[in-house]
Amino acid sequence: MNIRISEKHWREVEHLTSLSFVGGLEFAPETGCILLVAENDHAFRPCLLVAEVLEPETGELLEQGSGGITFASRFLRRGLLRVRERGLKGFLTVHTHPSADKRVSFSLFDDSNDPELMANFYELEPAGLFGSVVLGRDAICARLWRNGAPVYLEQLVCVGEQVSFRELSGKAPKELPKPQAIFDRSAAITGAGASYRMSQLRIALVGTSGTGSLMLELLARAGAGEVVVFEFDSADETNLNRVLHLRQCDADTKARKADCLRDAILESGLPTNVTVVAGGDIRDVAVADELRGCDLLVGCVDRDWPRLILCEVAQQYLIPYLDLGTEIGAVADAIQSLDARVSYIGPDRPCLKCAKIISEEQIRLEGYGEAERARVVGMGYSKDLPLRAPSVMDLNMRTASIAMLWIRHLLQPFLKTPLPHALKESVTNFATKEMYYTRNPECRVCGEPLRAGSGGRFQLTTRQKKENFVSDRDQPGAAEGQAMEITL
Amino acid sequence: MELRNEGTQVHHEWAEVLDHPLPPEIEGCKAGGVPGALAGLRVRLGVQRWPDGAEVYIHAKLSDTLREIMGHGAKALGEELLPPDAPVPLDFLRNRRGHEWSEPIPDLKTPLWVALAQGDSRHFAIEYRLAVRINARWGVAPHDPITPRQLLQAFEFNPAEYSLYHTHSADPLPADTPIKVHRGECFEAQKDGRYGWNTVASPRGLQTIEEDVEAVQAAGVVARLFTEGGQRYVEVGNLEIPSPPWSGGVCSILIAVPGTYPAGGLDAFYLGQGVSQGGAVPNQQAAVTIGGRTWGLISWHYSQDRPWNPSRDDLASHIAHCRGFFLKRGVR
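Student: Describe the overall build of chain B, and please don't skip the residues or the numbers.
Tutor: Per the secondary structure count, chain B includes eight helices and 16 strands. A globule of 332 residues ought to have a C-alpha radius of gyration of about 20 Å, yet chain B, at 38 Å, is considerably larger. Oriented by its inertia axes, the alpha-carbon framework of chain B measures out at about 120 × 45 × 30 Å. Out of the 332 residues belonging to chain B, those deemed buried represent 31%. In chain B, of all internal contacts separated by at least 6 residues, the share reaching a separation of at least 24 is 54%.

Set out below in structure tokens:
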């Protein structure tokens, strides 16, 4: 099991424990803090999510010396109460071994004290999850206690300007395997370590039309380990101008786009596995649930509702999310703008609502059934959803290309940092702009401090699960009153 | 049929009058069990708070256990037993014999008819005790008021390691300030979290060198203990040193361990060949071969102001002291 933590929280941990690793101190003291965690209990990619770092208050670290430290019961108590208050799962104590550099492990003393301490936590919170972390200067060891025995954790995944991975074995980072020969020419920007990480990534690709099909191709050519495809649409003739690998025969048979793309990647012989999620519509709660089993989200959709869900998943499960968008602005036959955009959403970054890329009004409209939506639009206060937005492959390629470079950068940095919140290219003006947005402190997606890293504590804005629910996109003109309910 | 009706009538009268003599059918069936027809007979019983509450009345089947009767009685008295739904509550059930109350009835699985056949009256009392909960454990506070320390001890928590809290509070209750406790009150006991990399189980000054070596190994130090010619040494490898001025970034050192360790402290160390400062090693004494390797003895000592202290120093602190040599600090 891994631990996921935002870069901001990891910096807090480093700050709170820095005294242990200050150079020149002969007897640097042990230090400590508490990580409050939520659980992502995905069936085969479970992990702990750091929701908050609890700093000790004066007098809460006792007997603090170079060889030991005591967390006063009051400190642990505050952690427990905070876990209950926030509806989290539990916490991990963090302490340091100041003399440990590239290797660190729990001491005999830690081993002799942790069992009773953990038993105490579980007696107080039987359904919780508790454990401990020990930090050396360049090594980390972490364990959970379950049924009275330690279960050692695997990796610390830190999400921020980069996505970085630290082993939790207490040993120095192992040398990662070299990239396969087929990726030799990309080693300059995705070197040995990054290439290996790429091959281990499980990436959610939501939408596989104009930009999505290009993204799948780019991810496979970059050596992504697995791409999990979320797509419910079928091929038709109008897709042929921009959906990679789609053939006339696919359009004729109304083949599922996701299946066509999966087969194309399979035929290419590239090592990427493509998994197609049944149903494919992330507005359905069971489908959206699969997103949290991924390491990275790539959104290639043209609707606000799925974008909102992706933002929520990114915040709650600390998963970086790249949103791709293109827009052709035209009045009559005159082109006014050709824009390609990539936004990077993640912990401590503004969501697409704060970036005004998605709007409350649009989300509301998309949440209505067709008949209700028609009535609302008929009132004249809302514009209807554009059904046939113009789209061309050449413009889509520009946004897909930027997004793929950003993904490579997250694993091995080469772009200017800090990354902007979005990068927008105005093709008509030959201008590329860095976009920065301000987070609305009242935003329920990214301004809500309790949502970040909270796992399943908050429900995603998916449709309520309904028996025999039929999507209105699958069946245009579905029965009136069959509204898609938003679970805000 | 008439006989049965008559019998039933007699039993019903008996069932309603608390002090009516026990029918012979029950008295006589001590060994064989209550007749099936009587098992379901509901009899009137008196229940009160022990020792001198007002008596209330309930009906119970002859086949009910005393635990069930205790539950019915508690309901009638308006105060549930504690712990809730426990097969054996912490509260006591007593029976009145004449003007005296019995000792708490130990076996609450006994059916009512057996208890009656054995001479119990139909007057019961519940002794509500000062049951409180700490974490998941229920117990009885030995007295009231009581200090948190006493309460923790009563629940077998070591007050040196645990503090007592009210359920929603982050402030520990002062260990020696008496508090008033109420029946059913819940507390939480939180242990201190103790961690340490060289804080081994043995107190400083009583530890063995083996324990110290294990502790530094656990902390990531590459160390091994070996004996040559009856003398024990600890070899520490991969010790990071500043380069420059040293010719390499890591070195090995060897520490001789006196047989009297830890009372007899560690002092000085040997430096493995291979690192130097411009070809020379400061403070180096004679070169010796130990464990098949050549070492130079480094004169690096504790000062008189800060001598080895067995109750504070150990192998880990000595390694830190040795590192001071390479960093040009510490005592010598």
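That was the structure; now back to the text.
Student: Quick rundown of the sheet that holds strand β11 (residues 222–228) of chain B? Include the residues and the values.
Tutor: Residue and element names in this part refer to chain B. Pairing in this open sheet of six strands is antiparallel, and the strands run β11-β12-β13-β14-β16-β15 from one edge to the other. At either margin of the open sheet sits one strand with a lone partner, and together these are β11 and β15 (284–290). Strand-to-strand twist in this sheet, taken as the mean axis angle between neighbours without regard to direction, amounts to 30 degrees. Packed onto the sheet, helix α7 (residues 209–218) meets β11, β12 (231–240) and β13 (250–257) and runs at close to 155 degrees relative to β11. Against the sheet, helix α8 (residues 315–327) makes contact with β12, β13, β14 (269–272) and β16 (293–298), and its axis sits at roughly 55 degrees relative to β12, the strand it touches most.

Student: A description of the domain arrangement of chain A should follow, citing residues and the corresponding values.
Tutor: Residues and elements named next belong to chain A. By domain assignment, chain A separates into domain 1 (2–167) and domain 2 (181–457). For domain 1 and domain 2, the distance between their C-alpha centres works out to 35 Å. Between domain 1 and domain 2, the contact holds 19 residues from the first and 22 residues from the second. Those elements that place two or more of their residues in the side of domain 1 that touches domain 2 are β1 (2–6), β2 (32–40), β3 (47–54) and β11 (163–167). Taken together, the residues that form the side of domain 1 that touches domain 2 break down as eight nonpolar, five polar and six charged.

Student: Can you lay out the interface of chain A and chain B for me, pointing to particular residues and giving the numbers?
Tutor: Each side of the interface is counted separately: chain A has 39 residues, and chain B has 32 residues. Counting only elements with at least two residues in the side of chain A that touches chain B, the list comes to β5 (69–71), α2 (73–86), β6 (90–96) and α3 (108–124) of chain A. At 10 residues, α3 of chain A tops the list of elements feeding residues into the side of chain A that touches chain B. Broken down by class, the residue content of the side of chain A that touches chain B amounts to 14 nonpolar, 14 polar and 11 charged. Pairing between β5 of chain A and strand β10 (residues 193–195) of chain B: three bridges, direction antiparallel. Across the sheet, I69 of chain A pairs through a bridge with Y195 of chain B, a residue of β10 of chain B.

Student: Let's hear about the sheet that holds strand β6 (residues 131–134) of chain B: which residues, and what values?
Tutor: Residue and element names in this part refer to chain B. What the four strands build is an open sheet, ordered β7-β6-β9-β8; its pairing is mixed. Pairing within the sheet leaves two strands with one partner each, and these edge strands are β7 (137–140) and β8 (162–166). Each strand axis lies, on average, 35 degrees off the axis of its neighbour in the sheet, ignoring direction. Relative to β7, β6 runs antiparallel, the two being bridged by four bridges.

Student: Account for the pairing of β13 of chain B, naming residues and giving values.
Tutor: Residues and elements named next belong to chain B. Pairing between β12 and β13: seven bridges, direction antiparallel. Looking across to β13, one finds that V236 is bridged to I253. Both β13 and β14 contribute to a ladder of two bridges, which runs antiparallel. Looking across to β14, one finds that L254 is bridged to Y270.

Student: Before we move on, could you go through the nonpolar core and cite the residues and values that matter?
Tutor: Counting residues in hydrophobic clusters, the biggest one holds 161 residues, and the most contacted among them are V37, L205, L297 and V298 of chain A. Domain assignment of the residues forming this core places at least three in each of domain 1 (2–167) and domain 2 (181–457) of chain A. Among all residues touching V37 of chain A, those that are not within four sequence positions of it are L48, L49, V50, A51, L88, K89, G90, F91, L92 and L129 of chain A. Listed in part, the 39 residues of the second largest apolar core include I69, V114, A141 and Y165 of chain B.

Student: With reference to specific residues and values, describe unusual backbone geometry.
Tutor: All names here are of chain B. Between D144 and the following residue, P145, the backbone shows a cis peptide bond with an omega angle of 0 degrees. Within the secondary structure layout, P145 lies in the loop between β7 and α6 (148–154). A cis amide bond, omega 15 degrees, links P244 with the succeeding residue P245. Position of P245 relative to the elements: it lies in the loop between β12 and β13. Within the chain, N238 stands out as a residue other than glycine whose phi angle is a positive 55 degrees.

Student: Account for the pairing of strand β15 (residues 296–299) of chain A, naming residues and giving values.
Tutor: For a regular strand, the rule is simple: side chains alternate between the two faces of the sheet. All names here are of chain A. Because side chains alternate across β15, one face comprises the buried residues L296 and V298, and the other comprises L297 and G299, equally buried. Two elements, strand β12 (residues 202–206) and β15, share four bridges in a ladder whose sense is parallel. Within β15, the residue paired with I203 across the bridge is L296. Relative to strand β16 (residues 321–331), β15 runs parallel, the two being bridged by three bridges. Each bridged residue has a counterpart across the sheet, and for G299 the counterpart in β16 is D323.

Student: Describe in detail the packing of helix α5 (residues 210–222) of chain A against helix α7 (residues 257–268) of chain A, supporting the description with residues and values.
Tutor: Residue and element names in this part refer to chain A. Closest axis-to-axis distance for the α5/α7 pair is 11 Å, and the angle between their directions is 25 degrees. Put simply, α5 runs roughly parallel to α7. Crossing angle aside, the handedness with which α5 passes α7 is right-handed. Here α5 contributes S213, L216 and A220 to the contact with α7, which in turn contributes L261, I265 and S268. Tallied by class, the residues present in the contact of α5 with α7 amount to four nonpolar, two polar and no charged.

Student: Help me get a handle on helix α4 (residues 192–200) of chain A, residues and values and all.
Tutor: Residue and element names in this part refer to chain A. Residues of α4 that are buried: A194, S195, R197 and M198. For α4, the buried positions fall inside an angular range of 160 degrees around the axis, keeping them on one side. Summarising the contacts, the buried residues of α4 are in contact with β11, α5 and α12 (393–411).

Student: Before we move on, can you summarise the environment of G329 of chain A with the specific residues and values?
Tutor: Residues and elements named next belong to chain A. Along the chain, G329 turns up in strand β16. G329 sits in the partly exposed class, given 13 other C-beta atoms within 10 Å. Separated by 85 residues in sequence, G329 and L244 have C-alpha atoms that sit 23 Å apart. Sequence-distant contacts of G329, defined by excluding residues within four places in its chain, comprise Q336 and S337.

Reading the values: rules and limits
Residues numbered from 1 in each chain as written. Chains lettered and ligands numbered in written order. Predicted model: local features only at pLDDT ≥ 70, side-chain atom pairs only at ≥ 80, totals over all residues. Helix = DSSP H or I, 4+ residues; strand = E, 2+ residues; numbered from the N terminus. Rg over C-alpha atoms; globule rule 2.2 N^0.38 Å. Buried ≥ 20, exposed ≤ 12 C-beta atoms within 10 Å, placed from the backbone. Contact = placed C-beta atoms within 7 Å. Pairing = 2+ DSSP bridges. Axes fitted to C-alpha atoms, helices over the stretch in contact; angles between N-to-C directions. Domains from an automatic or database assignment. Nonpolar A, V, L, I, M, F, W, Y, C, P; charged D, E, K, R; others polar. Core = buried A, V, L, I, M, F, W, Y, C linked by C-beta atoms within 7 Å. Parallel < 35°, antiparallel > 145°, perpendicular 65-115°, else oblique. Left-handed = near helix turned anticlockwise from the far one by under 90°. Arc of directions from axis to C-beta.

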